[in-house]
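# What the coordinates show
Residue strings, one per chain:
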Amino acid sequence: MKPIKDDAVREACWIVVSWCVFAFWVLTACYWLPPTTVESPRMILGMPMWIVLGVALPWSVATAFTIWFSLAMMTDDPEAETKDD
Amino acid sequence: MTETWLLADSRGIASLTSFAIYTGMILGVAWLSHSYLSGRQFASEYYLGSRGFGPIAFTLTFGATSASAGSFAGFPSLIYTHGWVLGLWIAGYAMVPLTAMGLLGRRLNRMSRSCGAITLPDVLRERYGSKVSLVATMLIVFLLSFYLIPQFKIASLILDQLLADVPAFVTLTTSVNRVPGLETADGAYLVCLLIFAVLVVFYTTVGGFRAVVWTDVVQGVVMVAGVLVLLALTLSQVGGLGNATRKLAEMMPPKLGTVLFVRASGEGSVEIPRMTWFAIETPGEPLRLLRTNSNASLAADTPEFVVKVVEIMTPEEIESICSQWPDGRPPALPTGIRIGSQSLREYAYGAGKRGVYVNVPGPVPPADSSNVKLAEQQLAMAAFGFLPLGLALSFFAHWPFSTAGQPGNMVRLMAFNTTRTMRRSITLLAIYFALIYFPLVIIFCCARIVVPGLEQEPDRIMPAMTFAVSEAANVPWLAGILVAAPFAAAMSTVDSFMLMISSSFVRDIYQHHFNPAASERTIKRLSYCCMVVVGIVVTIAAINPPKFLQYFIVFAGGGLSTSFLVPMIMTLYWRRSNTPGVLAAMLGGLFVYLSFYLVAFIRVNELKPLPLLWLDQFVWGVIASGVIGIVVTLLTSPPAKEKVDQFFPAMES
């Protein structure tokens, strides 16, 4: 049986790395994409372009990643016995 | 009295009905969960629900507890004030399900089961002994108390707004002021505080953790349904999101300040309610449009009254607002009232600029403090806008990791029944947060168009918006139901934290330090008494709560995470971790965190810390906690091997 601690460490590493990736994506997109102005209202789906590409899209991808990671990548522990209090 | 009831308008009836239904459901759930207590081991059932919760209950209790009243009062007011940039401010919440559950959940649940722990200090006691456990208990009780008082006040204010139009409530609050000693008290607030306290103390005491989780399920559903209905009504009213964003792009920040109303003639008293539009016209100049943000009452003995006002500065917005009146201008002020001196200030960042509400870093209102040093500090910060890059990074770290470090969330991680439940809950929580937080940003950006001119009272935007859109959609009864969402958020946070404080006293202090052989009957009685006493103490403290509630919430929440995140990671993942190291991490991180508040108090005489290198005090506290914890651990003796082996095999075999 694979050690449970190893699974937890592996999953923690995945989580920290994914946080770094999404932080880089969000901050880069929000501060480097051109602003929305009255003269050139850069919009996607009725929202400023930077909020769609820098917040809404990464949020959606992060949600999809979370679902995939929790259902496909995380493993189940064997049933644990609970010691009496 | 009967006539008064009959005169109740539809909003009042809706509010009362929704509140009555909601209260009935909460009490029913509490009673049902009370029946679970019989025939089960009391402490484990009362404080941890016998670790038997499935994915839906587990998700909603986690989500509802995380979304405190601040999510429905403070957060909407920030969106209203600063615009689309709040999407970036809250973006870190996308990672919360993974960090808050995935990082610690599996190991914490396993470890707590293996040693029979039902509270967080229990886990620490098993690993390090009673010294660490006692320090942890003290920190939880101290910091959670700071957290509870503002929640009680916010919940009472929400309840006040919910019931404000109910005639029976108005009669009751007026009669409170006839009680000797309470003549000058805020009767409505006191009545609401009492209703909230009795309700939440009752159901938490009667039902314990299971009642808290089940009511969280009800409250979680109310919250997400409220947000989605509000989103649909809002988008319909503003003519689509694209239309709203184009209008926001045109907007320039308003001017904020005060206007003196002077009573030049007339008899009797004149009331000018909050949110009254009025114009100032000067020949040859465009019409100036202003809105009151506080009530004015002028009488013979008070011929002058200063009111807070907001002056709209965008010509297109002025034209759009004025188009609602037949003659293209707001109704005149009551006869005999003239406008005296005015004191209006421009925004500290974004004044006169179009597009600040749809771009980073977002506008900043003028400094609102009479404290000169603080105002200078706020002005210096405002030069960079609301959310410069460094602060955005800080918040992207703050939400995921401070949520992971909250003891209230850690207790929930000890309560799931299998890792399969945890994995499914992470999935559901990701969807739940996406359905709440991003729609809130959309709704309250649109609120700038639906309810303009409320910048001096932004905390009122949630109820103001719900009433505005539900009345515009011709379904005024819906407002009562929608306003129940923030009330549910406050309740779901308060009940969890009260239970944690009670468990700290009964389990971690009384049972472990004074009476290890205490009978189940004694623990039961003491738990009930403790819940009631905690409720009474917090209610008394909330009668006259401190100002700046949001700062107390931020202070307590950040302090808890700073104290517990790194020590729990060390406890769960590091065999070498020892008592001095964990104590140093716990207290060292908190000391650095508190130092920011201390420096702020010395510099500007208020508890408003400045970010250092654009990273806030939580980030520095966690970094310090990690460094101090590792250094002290490596400089001191390793823990006894047999003790570690006793603790870790459960994870590794």
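Only a predicted model underlies this, so the values are computations on that prediction, with no experimental measurement involved. (Residues numbered from 1 in each chain as written. Chains lettered and ligands numbered in written order. Predicted model: local features only at pLDDT ≥ 70, side-chain atom pairs only at ≥ 80, totals over all residues.)

## Quick notes on the overall build of chain B
In plain terms, the rule: Secondary structure counts use DSSP, requiring at least four H or I residues in a row for a helix and at least two E residues in a row for a strand, with both numbered from the N terminus. Note on method: radius of gyration uses C-alpha positions; expected globular size equals 2.2 Å times residues raised to 0.38. To sort residues by exposure, count the other C-beta atoms lying within 10 Å of each residue's C-beta; 20 or more gives buried, 12 or fewer gives exposed, and values between give partly exposed, all with C-beta atoms placed from the backbone. Placing C-beta atoms from the backbone, we regard two residues as in contact once those atoms come within 7 Å.
Of the regular secondary structure elements, chain B holds 27 helices and seven strands. For 653 residues, the compact-globule formula gives about 26 Å, and the C-alpha radius of gyration of chain B, at 26 Å, lands near that figure. In terms of overall dimensions, chain B has C-alpha extents of about 90 × 60 × 45 Å along its principal axes. Relative to its full complement of 653 residues, chain B shows a buried share of 54%. Pairs at least 24 apart in sequence give 81% of the contacts found in chain B among residues at least 6 apart.

## Thoughts on the overall build of chain A
Helix and strand counts for chain A stand at two helices and two strands. Element order for chain A, N to C, with α for helix and β for strand: α-β-β-α. Restricting to contacts in chain A with at least 6 residues of sequence separation, those with at least 24 account for 48%.

## What about the sheet that holds strand β7 (residues 337-345) of chain B?
Within a beta sheet, neighbouring strands are joined by backbone hydrogen bonds and run either parallel or antiparallel to one another. Residues and elements named next belong to chain B. For clarity, the threshold we go by: Following DSSP output, two strands are said to pair if at least two bridges run between them. Between N-to-C directions, angles span 0 to 180 degrees; the directions come from axes that are lines fitted to C-alpha atoms, helices contributing only their stretch in contact.
Pairing in this open sheet of five strands is antiparallel, and the strands run β3-β4-β6-β1-β7 from one edge to the other. Strand pairing shows two members of the sheet lacking a second neighbour, β3 (277-280) and β7, which therefore form its edges. On average, adjacent strands in this sheet sit at an angle of 40 degrees to one another, irrespective of strand direction. Where strand β4 (residues 288-292) and strand β6 (residues 304-312) come together, four bridges link them in antiparallel fashion. Bridge assignment links Thr 292 to a residue of β6, and that residue is Val 309.

## Some points on the environment of Thr 292 of chain B
All names here are of chain B. Its place among the elements puts Thr 292 in strand β4. Among the residues examined, Thr 292 registers 22 C-beta atoms within 10 Å and is labelled buried. It is 9.9 Å that separates the C-alpha atoms of Thr 292 and Gly 257, two residues lying 35 residues apart in sequence. When sequence neighbours within four positions are dropped, the list of residues in contact with Thr 292 reads Ile 272, Arg 274, Met 275, Thr 276, Val 307 and Val 309.

## Quick word on the interface of chain A and chain B
Condition: Residues are sorted three ways: Asp, Glu, Lys and Arg are charged, Ala, Val, Leu, Ile, Met, Phe, Trp, Tyr, Cys and Pro are nonpolar, and all the rest, Gly among them, are polar.
Listed by partner, the interface residues are 47 residues for chain A and 53 residues for chain B. Listed by contribution, the elements that provide at least two residues to the side of chain A that touches chain B are α1 (4-32), β2 (47-48) and α2 (49-73) of chain A. With 15 residues, the top contributor of residues to the side of chain A that touches chain B is α1 of chain A. Each residue belonging to the side of chain A that touches chain B can be placed in one class, and the counts come to 30 nonpolar, nine polar and eight charged.

## Here's the deal with the pairing of β6 of chain B
Sheet faces and side chains relate simply in a regular strand, where the side chains alternate between the two faces. In this sheet, β6 of chain B lies alongside strand β1 (residues 255-263) of chain B in antiparallel orientation, the contact comprising eight bridges. Among the inter-strand pairings, Val 259 of chain B is bridged to a residue of β6 of chain B, identified as Val 307 of chain B.

## Some thoughts on helix α19 (residues 419-450) of chain B
Inclusion rule: What a helix should span is 1.5 Å times the count of its residues minus one.
Along its 32 residues, α19 of chain B runs 46 Å from first to last C-alpha, staying within 8% of the 46 Å computed at 1.5 Å per residue. Most of α19 of chain B is tucked away, with 24 of its 32 residues classed as buried.

## What about unusual backbone geometry?
All names here are of chain B. With omega at 5 degrees, the peptide bond leading from Val 360 into Pro 361 counts as cis. Along the polypeptide, Pro 361 turns up in the loop between β7 and α16 (372-382). Positive phi, normally seen in glycine, also occurs at Met 275, with a value near 70 degrees. Within the element layout of this structure, Met 275 appears in the loop between β2 (270-272) and β3.

## Re the nonpolar core
Note the cut-off: Buried Ala, Val, Leu, Ile, Met, Phe, Trp, Tyr and Cys residues whose C-beta atoms connect them within 7 Å together make up a nonpolar core.
Membership of the largest hydrophobic core comes to 204 residues, with the highest contact counts inside it found for Leu 88, Phe 152, Ala 155, Val 441 and Phe 487 of chain B. For this core, the leading source of residues is helix α13 (residues 187-238) of chain B, giving 21 residues. Those residues in contact with Leu 88 of chain B, other than ones at most four positions away along the chain, are Val 26, Cys 30, Gly 54 and Val 55 of chain A together with Val 360, Leu 387 and Ala 392 of chain B. By size, the runner-up hydrophobic cluster in this structure holds 13 residues, among which are Val 259, Phe 278, Leu 290 and Ile 312 of chain B.

## Examining the packing of α13 of chain B against α19 of chain B
Two measures define how a pair of helices packs: the angle their axes make with one another and the distance between the axes. All names here are of chain B. Filter applied, for reference: A clockwise turn of the near helix away from the far one marks a right-handed crossing, whereas an anticlockwise turn of less than a right angle marks a left-handed crossing.
Remark: α13 packs on α19, axes separated minimally by 9 Å, with the N-to-C direction vectors making an angle of 35 degrees. As α13 runs across α19, the sense of the crossing is left-handed. From α13, Met 223, Val 224, Val 227, Leu 228, Leu 230, Leu 231, Thr 234, Gln 237 and Val 238 reach across to α19, where they touch Tyr 432, Leu 435, Ile 436, Pro 439, Leu 440, Ile 442, Ile 443, Cys 446, Ile 449 and Val 450. Of the residues in the contact of α13 with α19, the class split is 17 nonpolar, two polar and no charged.

## Digging into the environment of Thr 403 of chain B
Residue and element names in this part refer to chain B. By the element assignment, Thr 403 lies in helix α17 (residues 389-404). Taking the C-alpha atoms as reference points, Thr 403 and Leu 560, 157 residues apart in sequence, are found 9.8 Å from one another. The contact partners of Thr 403, leaving out residues within four places of it in the chain, are Ser 66, Val 96, Thr 99, Ala 100 and Asn 409.

## Brief notes about the confidence of the model for chain B
All names here are of chain B. Keep this limit in mind: pLDDT is a per-residue confidence score from the predictor, ranging from 0 to 100.
For chain B, per-residue confidence averages 85 on the pLDDT scale, and residues scoring 70 or more make up 94% of the total. Contacts of residues 1-8 to residues separated by more than four positions or lying in other chains number eight contacts, the stretch itself having pLDDT below 50. Both scores are available for the predicted complex, with the pTM at 0.87 and the ipTM at 0.92.

## What to know about the pairing of β1 of chain B
As judged from the seven bridges shared by β1 of chain B and β7 of chain B, these two strands associate in the antiparallel manner. Its bridge partner being in β7 of chain B, Phe 261 of chain B is matched across the sheet by Ile 339 of chain B.

## Details of the environment of Ser 236 of chain B
All names here are of chain B. Following the sequence through the fold, Ser 236 ends up in helix α13. Judged by the 12 C-beta atoms lying within 10 Å of it, Ser 236 is exposed. Residues Ser 236 and Asp 165, 71 residues apart in the sequence, show an inter-C-alpha distance of 26 Å.

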